[in-house]
There are 2 protein chains.
Amino acid sequence: MISEKIVERLSLYRWLLETRLENEVSNLFSYQLASMACVSPAQIRRDLMTIGYSGSPGKGYLVADLAKSIGKELDGAKPSKVAVVGMGNLGRALVSFISDRRSHLQIVATFDTDSTKYGRVICGCRCYAQNELEKIIKLEGITVAILTLPSDAAQAVADRLEKAGVTGILNYAPVPLKVSKKVYLENRDVTAALEKVAYFAREGD
Amino acid sequence: MISEKIVERLSLYRWLLETRLENEVSNLFSYQLASMACVSPAQIRRDLMTIGYSGSPGKGYLVADLAKSIGKELDGAKPSKVAVVGMGNLGRALVSFISDRRSHLQIVATFDTDSTKYGRVICGCRCYAQNELEKIIKLEGITVAILTLPSDAAQAVADRLEKAGVTGILNYAPVPLKVSKKVYLENRDVTAALEKVAYFAREGD
DNA sequence: CAGGCACTGTTATTTTTTTCACAACACCTA
DNA sequence: TAGGTGTTGTGAAAAAAATAACAGTGCCTG
């Protein structure tokens, strides 16, 4: 089990590596990757140590190989299936963001309460009525959900998701959800993020 | 200067306090606030110590008063002015999210390159053409920017923002931006967040 | 008013995370 | 091949963050 911070950074490293691959860069030194990721070279080396990856003193790290090694650690054997609940502006934005990256994260269903939306295919993904939530989740074996719906509905949906078998929730609704210990919850409150940025923008980092 | 983590939590606390206020709760104990925020009571007390706020052993913390004290620490003397660059689905979602909360964060301008958008008022905020960026930023005294635009344009816009005087950037574009040390940068890559959730959903927290 | 209770503020401790420092190693050059 | 250079892997140190522990305090009760 890797700590949260390290997982976050590994995910960032992989993605930096992949964009470098597109530019045909085949190897990188720790200090190069470090400057891209805005961390120290020592941090890079230590993080790679935790996943047991070794470079070579002369050539640094093999970009493609390292990216694959990170994937081996972060990705499961099978792709994780993801649902998006709430297809307002934010939901649609996220679906289109994600669906053309990361093949091991498959958005297989979206849900909404608006009857003009469900039944249709939005951003390349079928939108279901919200009362079909449990059925589809179980049918598809969905384990991760993204919540992009109004605050007042979020807790009820979270409860239903958990009961249906979801073990990870990424919550964009500005509400503090209560979930059991079994479910991993990550909150991404936009306002909180903005307050933080405003604070440090003012105080001068 | 307060550390990042503490700022994040204080922001969360305030918001929890405010929602409690709406429910006419006038005081709270550290363990109550702790359970809402999913942190330990000791953490709460320590965080409040850093902003020099004191409760009383008998009654805990006065909700309204504490919220105001946090505000005194997090908010500047004047409201921070914010710009949103890129009014796709994500940009519109964020504007409507934020504009009806947090009076000390004022979204005063949005920008887009699409000529069918600029000139209009979207989600209650005037949308300008992107080539007016420098002019409006300086005119309005905008210090914080939210980037919700395609990856390939992000770095160029970030450079222009910095030159125009922006000191805080909240970046939703999936690109690692390079900015000078003077600018506080917070990345909110959706894919990275989802990867993290998927990882812990699988590994069982 | 004395005593017990329940909570706070703060110091001390532990744990986690990051950085430092350096031996070991590959590679290049002569 | 020997020596110099520049990078890695990792143990040790430092720094940061979280937790625990407890004295001090207001409040209630009898």
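A quick note: this is a predicted structure, and the numbers were derived from the prediction, not measured.

S.K.: Can you break down the overall build of chain A residue by residue, with the values?
M.R.: What chain A contains, in helices and strands, is 8 helices and 9 strands. The principal-axis extent of the C-alpha atoms belonging to chain A is close to 60 × 45 × 35 Å. With 205 residues in all, chain A has 38% of them scored as buried. Across chain A, the fraction of contacts at a sequence separation of at least 24, relative to all contacts at a separation of at least 6, is 56%.

S.K.: Outline the interface of chain B and chain A, listing residues and values.
M.R.: Across the contact, 46 residues belong to chain B and 46 residues belong to chain A. For the side of chain B that touches chain A, the residue count by class is 26 nonpolar, 9 polar and 11 charged.

S.K.: Kindly report on helix H4 (residues 63–74) of chain A, identifying the contributing residues and their values.
M.R.: Structurally, the α-helix is built with 3.6 residues per turn, so residues lying three or four positions apart point the same way. Residues and elements named next belong to chain A. The terminal C-alpha atoms of H4, which comprises 12 residues, lie 16 Å apart, in line with the 16 Å expected from a rise of 1.5 Å per residue. Among the residues making up H4, those that are buried are Val63, Leu66, Ile70 and Leu74. The arc enclosing the buried residues of H4, seen along the axis, measures out at 70°, which places them on a common side.

S.K.: Go over the nonpolar core with me, naming the residues and quoting the values.
M.R.: Counting 119 residues, the largest nonpolar core has A:Ala83, A:Ala145, A:Leu147, B:Ala83, B:Ala145 and B:Leu147 as the members making the most contacts within it. Broken down by element, this core gets its largest block of residues, 8 residues, from helix H8 (residues 190–203) of chain B. Non-local contacts of A:Ala145, meaning those with residues more than four positions away in its chain, are made with A:Ala83, A:Val85, A:Leu161, A:Val166 and A:Ile169.

The rules behind each value
Residues numbered from 1 in each chain as written. Chains lettered and ligands numbered in written order. Predicted model: local features only at pLDDT ≥ 70, side-chain atom pairs only at ≥ 80, totals over all residues. Helix = DSSP H or I, 4+ residues; strand = E, 2+ residues; numbered from the N terminus. Buried ≥ 20, exposed ≤ 12 C-beta atoms within 10 Å, placed from the backbone. Contact = placed C-beta atoms within 7 Å. Nonpolar A, V, L, I, M, F, W, Y, C, P; charged D, E, K, R; others polar. Expected span 1.5 Å × (residues − 1). Arc of directions from axis to C-beta. Core = buried A, V, L, I, M, F, W, Y, C linked by C-beta atoms within 7 Å.

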